[in-house]
Amino acid sequence: MTCFGSEYNKFQKMWDKLFSKFNSTIIQNNFEYPYYRLLGNKDASDIHGKINFITRLNQKFYDYANSTKNFFINDINYVSSCYGLDKWANQFYWHMYKYAMEVPAIPYLSFNIANIIKSIYGKNKKAFVLDLDNTLWGGIVGDDGVENLAIGPEVPSGQVYSEFQNYLKEHKSLGVILNVNSKNEYENAIAGLNHPAGTLKPDDFIIIKANWNPKNLNVKDIAEELNLGADSFVFVDDNPAERQIVKSYIDGIVTPEIDVPENYIRTIDHNGYFEITNFSNEDLKKNELYKDNAKRSQMMATFDNYEDYLLSLKMKAEISPFKPIYLERISQLSNKSNQFNLTTKRYSLADIEEVNKDDNYIKLYGKLEDIFGDNGVITVVIGNIKNKDELHIDLWIMSCRVLKRNMEFAMMDELVKKAQGKNIKTIYGYYYPTFKNKMVNNFYDLQGFEEISCDSQGNKIYKLDISKGYTNKNNVIEVHE
Amino acid sequence: MENEEIYERLNTVFRDVFDDESIVVKPETTSKDIEDWDSLEHINLVVAVEQEFGIKFNMNEVTTMKNVGEMVDIIKSRI
């Protein structure tokens, strides 16, 4: 076997072994380039060159990563080149302490790994909230007029904003939601966004707040209208005072310290807010889904009776035991859902695969579609069968996109049906309070459960006796498997 | 820079690295005199001293330095 082949095989054997033994997630470093080049520039292209060797080895790692779930590359090749390879590969630290990089470089390495881990656990940011004047274009639309804004290819100051708009627009395809938060007359904001040279048009945004309210209030409103936590927002504003206000009033929001426009992209990008690990079809469609929701709220306004509104949506649900194609989405949902989440138990993809294999669990996912569109997989329930006739609900989550659609009742009906099929007599539900899940404080009360205990922290246990029958609660959604 | 000022700044660095406000470094201070001064903390100490004075030690210096006094001599020769 070649030297290259045996070097690679060493790694692949190790990964395969780790997967079969622990079924865990693996984060593997790729290699940074060597700090010297024996063959000079030829070291890159010649098969005997070390640069060439590392390049090929890294490529093999990527091939493995592309064909393997739960396997991620920590791209230190990129981090080291951003940092500067000569500084990174400071041989003093290697010979003195066997540190593979100089100590001041370690925070960059750690941050890079932390971003991957954060993303695996669904802690990525979800949306941009963007200022307009001197952020998306140069100049102030209200004072200077649309025709005098710096945007477009003619001059350097316009190019830099065009590039920034392109960069933001690229995020849409990753499922990141764009919103505007600007101190402007609404008409002026829209006129600016309709600038012929701009890449971002009013239609690219889900919510546009252009008014004279304090920006922190606008952020709150945007969060409410999107049903998202404001801590999942990235607030981009060239004005440090606005950033300060938003940061001090909104817990967990990030406000990148952008300085000059030519550095906007780098500053935001190096923060790794939207690190991609598991990428689902849901992410691709996210912007459409939020648009559909806006249409639903318009329609709701035309009905007096809420049930009539729900019926008019002609909802159809698919509720069924886990299927392999949805496991990734199910894991993603378990890590992302904070509000409609009874136990806030997180499941990695590997965990979900374990549950899926185990017959002691009843596990259901639910998909919901209506006349405005398909929401995809938006709810998951996992129940653990214990003592033969008890079902303990470990996880009950639902995406806030489908709040108040009675989907949770349709899920309960199916869960009870499945439980009865397994001769379950009693279902136990658990509610563990967090800062974010107050909305489901009374969830099991609404489902007709009886509270049997509540400790000083507000952790509650409920039960429902189904041995003497159960009446279905959903009558607005058509359900199939 | 006077010796006195160097010792004062070094003292701050030592207290910070070893998280011990009672440390007072003297020329004859060595790793035996400070409980937490092990090989790992030594790395942090060297990096912190380098940052404080904006200098870099070379390998020979780090491996032969016997006590704080010798460290100060090196710092003095650089600034």
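Residues numbered from 1 in each chain as written. Chains lettered and ligands numbered in written order. Predicted model: local features only at pLDDT ≥ 70, side-chain atom pairs only at ≥ 80, totals over all residues.

> Is there a simple way to think about the overall build of chain A in this case?
In terms of helices and strands, chain A carries 19 helices and 14 strands. Taking all 481 residues of chain A together, the buried fraction comes to 33%. Put simply, 67% of the contacts in chain A that link residues at least 6 apart link residues at least 24 apart. (Helix = DSSP H or I, 4+ residues; strand = E, 2+ residues; numbered from the N terminus. Buried ≥ 20, exposed ≤ 12 C-beta atoms within 10 Å, placed from the backbone. Contact = placed C-beta atoms within 7 Å.)

> Which parts of the structure should I look at to understand the overall build of chain B?
Counting its regular elements, chain B contains 4 helices and 0 strands. Computed over its C-alpha atoms, the radius of gyration of chain B comes to 11 Å, within 12% of the 12 Å expected for a compact globule of 79 residues. On the principal axes, the C-alpha backbone points of chain B span a range of 30 × 25 × 20 Å. With 79 residues in all, chain B has 14% of them scored as buried. Expressed as a percentage of contacts within chain B between residues at least 6 apart in sequence, the contacts between residues at least 24 apart total 54%. (Rg over C-alpha atoms; globule rule 2.2 N^0.38 Å.)

> Would you take a moment to explain the sheet that holds strand S3 (residues 127–130) of chain A for this structure?
Pairing between the strands of a sheet is mediated by backbone hydrogen bonds and can be parallel or antiparallel. All names here are of chain A. If you trace the 4 strands from one edge of the open sheet to the other, you get S5-S4-S3-S6, paired in parallel fashion. Looking along the sheet, the strands with just one partner apiece sit at the ends: strand S5 (207–211) and strand S6 (233–236). If you compare each strand with its neighbour and ignore which way they point, the axes differ by 15 degrees on average. The sheet contact formed by strand S4 (residues 177–183) and S5 spans 5 bridges and is parallel. Counted as the bridge partner of Ser 182 is Ala 210 from S5. With respect to the sheet, helix H10 (residues 186–193) is in contact with S4 and S5, its orientation differing from that of S5 by roughly 130 degrees. (Pairing = 2+ DSSP bridges. Axes fitted to C-alpha atoms, helices over the stretch in contact; angles between N-to-C directions.)

> Before we go on, may I ask you to explain the sheet that holds strand S8 (residues 361–370) of chain A in this structure?
All names here are of chain A. What the 8 strands build is an open sheet, ordered S12-S13-S11-S10-S9-S8-S7-S14; its pairing is mixed. Unpaired on one side and paired on the other, strand S12 (450–454) and strand S14 (477–480) mark the two borders of the sheet. If you compare each strand with its neighbour and ignore which way they point, the axes differ by 25 degrees on average.

> Help me understand the interface of chain B and chain A in this model?
Many authors give the size of an interface as the accessible area that is lost as the parts come together. Contacts between chain B and chain A engage 4 residues on the former and 5 residues on the latter. Among the elements of the structure, helix H2 (39–53) and helix H3 (59–64) of chain B are those that each provide at least two residues to the side of chain B that touches chain A.

> How should the domain arrangement of chain A be read in this particular structure?
Residue and element names in this part refer to chain A. Segmentation of chain A into domains returns domain 1 (3–120), domain 2 (127–269) and domain 3 (304–480). Centre-to-centre, using C-alpha coordinates, domain 1 lies 42 Å away from domain 3. Contacts between domain 1 and domain 3 engage 6 residues on the former and 4 residues on the latter. Of the residues assigned to the side of domain 1 that touches domain 3, the class counts are 1 nonpolar, 4 polar and 1 charged. (Domains from an automatic or database assignment. Nonpolar A, V, L, I, M, F, W, Y, C, P; charged D, E, K, R; others polar.)

> Just checking my understanding: could you explain the environment of A:Asn29 for this structure?
Mapped onto the elements, A:Asn29 comes out in strand S1 (residues 26–29). Residue A:Asn29 is classed as partly exposed on the basis of its 17 C-beta neighbours within 10 Å.

> Which parts of the structure should I look at to understand helix H4 (residues 76–83) of chain A?
Since the α-helix turns once every 3.6 residues, residues separated by three or four places project in the same direction. Residues and elements named next belong to chain A. Buried within H4 we find Ile 76, Val 79 and Ser 80. Mapping the buried residues of H4 onto a view down its axis gives an arc of 95 degrees, with all of them on the same face. Where H4 is buried, its residues touch S1, strand S2 (71–74), helix H5 (85–88) and helix H7 (106–120). One or two residues past the end of H4 sits Gly 84, with phi positive at roughly 110 degrees. (Arc of directions from axis to C-beta.)

> Quick question: what am I supposed to make of the packing of helix H16 (residues 327–336) of chain A against helix H17 (residues 349–357) of chain A here?
Helix-helix packing: each pair is described by the crossing angle between the helix axes and the interaxial distance. Residues and elements named next belong to chain A. Across the interface, H16 lies against H17 with an axial gap of 9 Å and an inter-helix angle of 115 degrees. With respect to the hand of their crossing, H16 and H17 are arranged in right-handed fashion. In this structure, H16 uses Leu 327, Glu 328, Ile 330 and Ser 331 to contact H17, whose residues at the interface are Leu 349, Ile 352, Glu 353 and Asn 356. Of the residues that constitute the contact of H16 with H17, the class distribution is 4 nonpolar, 2 polar and 2 charged. (Left-handed = near helix turned anticlockwise from the far one by under 90°.)

> Would you mind showing me how to read the environment of A:Asn30 here?
Counting through the fold element by element, A:Asn30 comes out in the loop between S1 and helix H2 (42–45). Separated by 66 residues in the primary sequence, A:Asn30 and A:Met96 have C-alpha atoms spaced 24 Å apart.

> Help me understand the packing of helix H1 (residues 3–18) of chain B against H2(B), please; the structure alone is not making it clear to me.
Residue and element names in this part refer to chain B. Contact geometry of H1 with H2 gives a least axis separation of 10 Å together with a crossing angle of 145 degrees. The way H1 lies across H2 gives a crossing that is right-handed. Within the contact between the two elements, H1 uses Arg 9, Leu 10, Val 13, Asp 16, Val 17 and Phe 18 and H2 uses Glu 41, Asn 44, Leu 45, Ala 48, Val 49 and Glu 52. Residues that form the contact of H1 with H2 fall into these classes: 7 nonpolar, 1 polar and 4 charged.

> I tried to follow the nonpolar core on my own but got confused; where do I start?
Soluble globular proteins tend to pack their nonpolar side chains together in the buried interior. Residue and element names in this part refer to chain A. Grouped together as the largest cluster of nonpolar side chains are 45 residues, with contacts concentrated most on Ala 317, Ile 330, Val 380, Val 381, Met 407, Met 411 and Leu 415. No other element matches helix H18 (residues 407–421), which puts 7 residues into this core. When residues no more than four places from it in sequence are discounted, the contact partners of Ile 330 are Phe 322, Ile 352, Tyr 365, Val 377 and Val 380. One finds Leu 136, Phe 164, Ile 250 and Tyr 273 within the second-largest nonpolar core, a separate group that totals 43 residues. (Core = buried A, V, L, I, M, F, W, Y, C linked by C-beta atoms within 7 Å.)

> Explain the environment of A:Glu478 to me, please; I cannot follow it from the model alone.
Residues and elements named next belong to chain A. Residue position: Glu 478 is located in strand S14. Note on Glu 478: 10 C-beta atoms within 10 Å, which makes it exposed. Along the primary structure Glu 478 and Leu 349 are separated by 129 residues, whereas in three dimensions their C-alpha atoms are 30 Å apart. Setting aside its immediate chain neighbours within four residues, Glu 478 contacts Met 315 and Lys 316.

> Is there a simple way to think about unusual backbone geometry in this case?
For residues besides glycine, phi is generally negative; the peptide bonds are generally trans as well. Residues and elements named next belong to chain A. For Lys 98, which is not glycine, the phi torsion reads 60 degrees and is therefore positive. For Lys 98, the position within the fold is in the loop between helix H6 (91–97) and H7. Lys 98 gets classed as exposed once you count the C-beta atoms within 10 Å, which come to 7. You will see that Asn 134, though not glycine, has its phi angle at about 60 degrees, which is positive. As for its position among the elements, Asn 134 is in the loop between S3 and helix H8 (141–144). You can call Asn 134 partly exposed: it has 16 C-beta atoms within 10 Å.

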